[in-house]
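Here's the letter readout for the chains.
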Amino acid sequence: MDAATTILLSLGLAADAFAVAVSSGLAIKHMKVNKALKIALFFGGFQALMPVLGWFFGLSFSFLITPIDHWIAFGLLSFIGGKMIYESLQTEEGEKKFNPLDTGTLITLSVATSIDALAVGIGFAVLKTAIGPVASAIGFITFFVVFAGVFIGHKCGNLFGNKIELLGGVILIAIGSNILFSHLTEASAVISH
């Protein structure tokens, strides 16, 4: 695979992670570089790891994940997004707010946005393509895209005030819905031909 194709593939896979990073940045009150680095490391790490896992499992398990990958991503993103919306509507000062720096939340979001990368890895196994350089590029590009996205989201959050978490939750649900819709419409287009 040539460099241009690898970069385009990496940017495409990083798009969902970027949108989630913007939502995460919206929820961070006091931004520091180490917070953005933590989020970027999780997203970049999972985006690099998932194609490698997909490649190793290849044809052996592709029949298990491929039919439901879009449902998994939709469920995870909708759950986190719904939680963000719910917490944004709480009036109690003591209510727990969405914390994009929580390790459990980061793992959930990272997995949800990297399921497509798992499928790409399975595809590379079928094509007998080396996965190392591609997985490295995917992880590296996602890291930088997410790092920038967190700061962009934080700047926008400061402009819009306290209820920006509501918008972040809506964005996560929209991303999950878009993943689900695009996979279901692709499947129906294939079936109709």
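For clarity, every value in this text was computed on a predicted model and none was experimentally measured. (Residues numbered from 1 in each chain as written. Predicted model: local features only at pLDDT ≥ 70, side-chain atom pairs only at ≥ 80, totals over all residues. Heavy atoms only, no water.)

Novice: Teacher, can you tell me more about the overall build of the chain here?
Specialist: The helix and strand tally for the chain stands at six helices and zero strands. Each helix and strand of the chain, placed in order from N terminus to C terminus, yields the pattern α-α-α-α-α-α. Within the structure as shown, the chain displays about 9,900 Å² of accessible surface, and the carbon and sulfur contribution to it stands at 72%. (Helix = DSSP H or I, 4+ residues; strand = E, 2+ residues; numbered from the N terminus. Areas by Shrake-Rupley, 256 points an atom, 1.4 Å probe, with all protein chains shown as cover.)

Novice: I keep staring at the packing of aromatic side chains and nothing clicks. Help me out?
Specialist: Tallied over the entire structure, the rule returns five aromatic pairs. Ring geometry for Trp55 and Phe56: centres 5.2 Å apart, planes at 75°, overall edge-to-face. Residue class for Trp55 comes out partly exposed when judged on its relative accessible area of 30%. Measuring from ring centre to ring centre gives 6.2 Å for Phe143 and Phe147, while their planes differ by 15°; the resulting arrangement is stacked. In this pair, Phe143 and Phe147 both sit in helix 5 (residues 132-160), four residues apart, roughly one turn of the helix. (Phe/Tyr/Trp six-rings, centres within 6.5 Å; stacked < 30°, edge-to-face > 60°. Buried < 20%, exposed > 50% of the residue type's maximum accessible area, 1.4 Å probe, protein only.)

Novice: Explanation requested: the UniProt feature "transmembrane region" (unreviewed entry) in the chain in the structure shown.
Specialist: Listed under "transmembrane region" (unreviewed entry) in the UniProt record, and renumbered for this structure, are residues 6-28, 40-64, 70-86, 106-127, 133-152 and 164-184. Regarding residues 133-152, the helix share stands at 100% and the strand share at 0%, and the terminal C-alpha atoms are separated by 29 Å. (UniProt positions renumbered as here; feature names shortened; annotations may be inferred.)

Novice: How should I be thinking about the environment of Ala174 in this particular structure?
Specialist: Mapped onto the secondary structure, Ala174 falls in helix 6 (residues 164-192). What makes Ala174 partly exposed here is its relative accessible area of 42%. Remark: the alpha-carbon pair of Ala174 and Phe74, spanning 100 residues in sequence, is separated by 9.0 Å.

Novice: Help me out: how do you make sense of the nonpolar core in this one?
Specialist: Burial of nonpolar side chains together is a common tendency in soluble globular proteins. Formed by 24 residues in total, the largest nonpolar core has its most connected members in Ile28, Ile39, Phe43, Leu109, Val146 and Val150. Looking at this core, the elements with two or more residues in it are helix 1 (3-27), helix 2 (33-65), helix 3 (69-88), helix 4 (103-126), helix 5 and helix 6. Among the elements that make up this core, the one with the highest residue count is helix 2 (six residues). Discounting chain neighbours no more than four positions away, the residues touching Phe43 are Ala17, Val20, Leu106, Leu109, Ser110, Thr113, Thr142 and Val146. Leu118, Phe124, Val134 and Ile138 belong to the second largest nonpolar core, which has nine residues in total. (Core = buried A, V, L, I, M, F, W, Y, C linked by side-chain atoms within 4.5 Å. Contact = heavy atoms within 4.5 Å.)

Novice: How do you make sense of a nonpolar patch on the surface when you look at a structure like this?
Specialist: Judged by side-chain polarity, Ile7, Leu8 and Leu11 come together as a nonpolar surface patch covering roughly 290 Å² of accessible area. You can see Leu11 is positioned in helix 1. Accessibility expressed as a relative area gives 42% for Leu11, which makes it partly exposed. (Patch = residues over 30% accessible without salt bridge, like charges linked within 9 Å, V, L, I, M, F, W, Y side chains within 5 Å. Salt bridge = Lys/Arg side-chain N within 4 Å of Asp/Glu carboxyl O.)

Novice: Hey, could you run me through the environment of Leu8 in this one?
Specialist: Looking at the element boundaries, Leu8 is found in helix 1. Note on Leu8: relative accessible area 59%, which makes it exposed. For the pair formed by Leu8 and Ile138, sequence separation is 130 residues and the distance between their alpha carbons is 9.5 Å.

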